Amino acid sequence: MELSHAISDAVLTLTGIFVFFRYLLRLPLPVCLSWGAFVLSVTLAALFGTLRFLGVMPSAFKISELFQHTAGTIGAFGLVFASVFLALRKPMPALPVYEVLALGLVTFSVVRLTENYALLNTILTVSIPVVFLAGLWGLFRVAKQASVWLLLAVVALIAGTFNKNFMANSFIDSTNLYHYLLAISLLCFGRAAQQQAY
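Computed from a predicted model, the values in this text were never measured in an experiment.

What counts, and where the lines are drawn
Residues numbered from 1 in each chain as written. Predicted model: local features only at pLDDT ≥ 70, side-chain atom pairs only at ≥ 80, totals over all residues. Heavy atoms only, no water. Phe/Tyr/Trp six-rings, centres within 6.5 Å; stacked < 30°, edge-to-face > 60°. Helix = DSSP H or I, 4+ residues; strand = E, 2+ residues; numbered from the N terminus. Axes fitted to C-alpha atoms, helices over the stretch in contact; angles between N-to-C directions. Parallel < 35°, antiparallel > 145°, perpendicular 65-115°, else oblique. Nonpolar A, V, L, I, M, F, W, Y, C, P; charged D, E, K, R; others polar. Buried < 20%, exposed > 50% of the residue type's maximum accessible area, 1.4 Å probe, protein only. Contact = heavy atoms within 4.5 Å.

Enquirer: Talk me through the packing of aromatic side chains; I want residue IDs and the actual numbers.
Expert: Taken as a whole and assessed by the stated rule, the structure comprises 6 aromatic pairs. An angle of 90° between the planes, with centres 5.9 Å apart, marks the rings of Phe18 and Tyr23 as edge-to-face. Each ring, one from Phe81 and one from Phe85, has its centre 4.8 Å from the other, and the planes form 45°; the classification is tilted. Of this pair, Phe81 and Phe85 both sit in helix α3 (residues 60–88), 4 residues apart, which is roughly one turn of that helix.

If you want it as structure tokens, here you go:
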């Protein structure tokens, strides 16, 4: 049992649930799916991470990893698509949302079946800057408030991912810090999604 990791993963889980029900569930289905693919994947990964760190479910690590890969493929595709339309202040057309998520599903299948984690890393390396650029673009358009939340979400996500590099002397364990910063990121993504045009 690793109690501190279980607590931080539980906080992330509860934040994801809150974001989904408070911000995303009220949106039209295509918009909800586009944002929710990332938010729910991270939430489920955190839920099974909590069970893993508590030591109550032997297979929790593999299930958590499965949802981490879902977030990095289907979730990343949906996040990029939603962010671009958020910055443009244009409604998301339903059919392209489903096509983008289907493409993410195909990519997820390739990653899982071939264990091509280089592809997963490439998607993450490309998608995070694209979302950040969408946020910057939105600042120069009419989507200022939404873009600020979007940029804060990306900054928290990057800070969590690379916290060992520039917060090496933090008094908080790097895994716990990652979970807390990711929770902040989800909250900011939820606030951004609230501003989505539809």
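Enquirer: I'd love a proper account of the packing of helix α1 (residues 3–24) against helix α8 (residues 174–193), names of residues and values included.
Expert: Each pair of packed helices can be summarised by the angle the axes make with each other and by the distance between the axes. Interhelical geometry of α1 versus α8 gives an angle of 5° and a closest axis separation of 8 Å. Relative to α8, α1 is oriented roughly parallel. Counted by class, the contact of α1 with α8 contains 13 nonpolar, 9 polar and 2 charged residues.

Enquirer: Go over the environment of Ala143 with me, naming the residues and quoting the values.
Expert: Here Ala143 is to be found in the loop between α5 (117–139) and α6 (144–161). What makes Ala143 buried here is its relative accessible area of 2%. It is 7.4 Å that separates the C-alpha atoms of Ala143 and Leu88, two residues lying 55 residues apart in sequence. With residues near it in sequence (within four places) discarded, Ala143 still touches Leu86, Ala87, Arg89 and Gly138.

In short, geometric facts, not functional conclusions.
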